[in-house]
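Geometric and topological summary
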Amino acid sequence: MKEFRWIVADSTGFDHEVTLKIGSWSRKLTVTVDGTESVVKPTTQQNMLGVVDHTLPLGGKTCHLVVMGRQADLAVDGQYLTSKRPYLPYLKRPKWVWIFWILCAAVCLGGGALPWLIGLTAAVQCGRTA
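So, a few notes on the structure that sits alongside this text. (Residues numbered from 1 in each chain as written. Predicted model: local features only at pLDDT ≥ 70, side-chain atom pairs only at ≥ 80, totals over all residues. Heavy atoms only, no water.)

**A closer look at the sheet that holds strand 2 (residues 15–22)**
- Taking strand neighbours across the sheet as the criterion, the 4 strands line up as 1-2-3-4 in an open arrangement whose pairing is antiparallel. Two strands bound the open sheet, and with one partner strand each, they are strand 1 (2–9) and strand 4 (36–40). Strand-to-strand twist in this sheet, taken as the mean axis angle between neighbours without regard to direction, amounts to 20 degrees.
- The pairing of strand 1 with strand 2 spans 8 bridges and is antiparallel. Across the sheet, residue Arg 5 finds its bridge partner in strand 2, namely Thr 19. (Pairing = 2+ DSSP bridges. Helix = DSSP H or I, 4+ residues; strand = E, 2+ residues; numbered from the N terminus. Axes fitted to C-alpha atoms, helices over the stretch in contact; angles between N-to-C directions.)

Shown next, in the form of structure tokens:
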């Protein structure tokens, strides 16, 4: 189980502790805010994309918990706390990804285990890159 921990000060100066636990096999997301535990259930689209953007209200501030694969970061006031980069909301998958997925499916039609392995690996990487 992978665990992430952040301390967030709200508008009154009170500190909130946010903890995220990602299950090793189930990819279950458990968020604890000041001792109150809840389970984040990704939407179907978020499950397909492998990206979760969950909103957490903390004392008048809106925080965005972003999980990509096995990495996570918390965005407060438009900036990620761990990476210090600006927060950009996750957009829908671009249309060009479908073209690459069709090409990967065409590779799979070649038959045999190797074309299937190459096609599926390329499709997964293309989706993550997008």
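Text resumes after the structure shown.
**Focus: unusual backbone geometry**
- Positive phi values are uncommon outside glycine, yet Asp 77 reaches one of about 55 degrees.
- Structurally, Asp 77 is set in the loop between strand 7 (71–76) and strand 8 (79–80).

**Quick look at the nonpolar core**
- If you look at the biggest cluster of nonpolar residues, it comprises 19 residues, and the most contacted ones within it are Trp 6, Val 18, Leu 20, Val 31, Leu 65, Val 67 and Leu 74.
- Elements with a contribution of two residues or more to this core: strand 1, strand 2, strand 3 (29–33), strand 5 (51–58), strand 6 (61–68) and strand 7.
- What Leu 20 contacts, discounting residues up to four positions off in sequence, is Lys 2, Glu 3, Phe 4, Trp 6, Leu 29, Thr 30, Val 31, Leu 65, Val 67 and Ala 72. (Core = buried A, V, L, I, M, F, W, Y, C linked by side-chain atoms within 4.5 Å. Buried < 20%, exposed > 50% of the residue type's maximum accessible area, 1.4 Å probe, protein only. Contact = heavy atoms within 4.5 Å.)

**Details of the side chain of Thr 19**
- One can find Thr 19 in strand 2.
- We classify Thr 19 as buried; its relative accessible area is 7%.
- Once you skip the residues sitting within four places of it in the chain, Thr 19 turns out to touch Glu 3, Phe 4, Arg 5, Thr 30, Val 31 and Thr 32.

**Side note on the sheet that holds strand 8**
- Pairing is antiparallel in the open sheet, where 4 strands are placed in the order 5-6-7-8. The sheet is open, and its two borders are formed by strand 5 and strand 8, each paired with just one other strand.
- Relative to strand 8, strand 7 runs antiparallel, the two sharing 2 bridges. If you follow Ala 75 over to strand 8, its bridge partner there is Tyr 80.

**What to know about the pattern of salt bridges**
- Taken as a whole and judged by the stated rule, the model has 3 salt bridges.
- Ionic pairing is found between Arg 5 and Glu 17, a salt bridge with its closest N-O pair at 2.4 Å. In this pair, Arg 5 sits in strand 1 while Glu 17 sits in strand 2, placing the two residues 12 residues apart along the sequence.
- For Glu 17, a relative accessible area of 32% puts it in the partly exposed group.
- A salt bridge links Lys 61 to Asp 77, with the nearest nitrogen and oxygen atoms 3.2 Å apart. On the criterion of sequence distance, the pair formed by Lys 61 in strand 6 and Asp 77 in the loop between strand 7 and strand 8 is long-range, its members being 16 residues apart.
- A relative accessible area of 56% means that Asp 77 is categorised as exposed.
- Shared partners join several salt bridges into a network, and the residues in it are Glu 3, Arg 5 and Glu 17. (Salt bridge = Lys/Arg side-chain N within 4 Å of Asp/Glu carboxyl O.)

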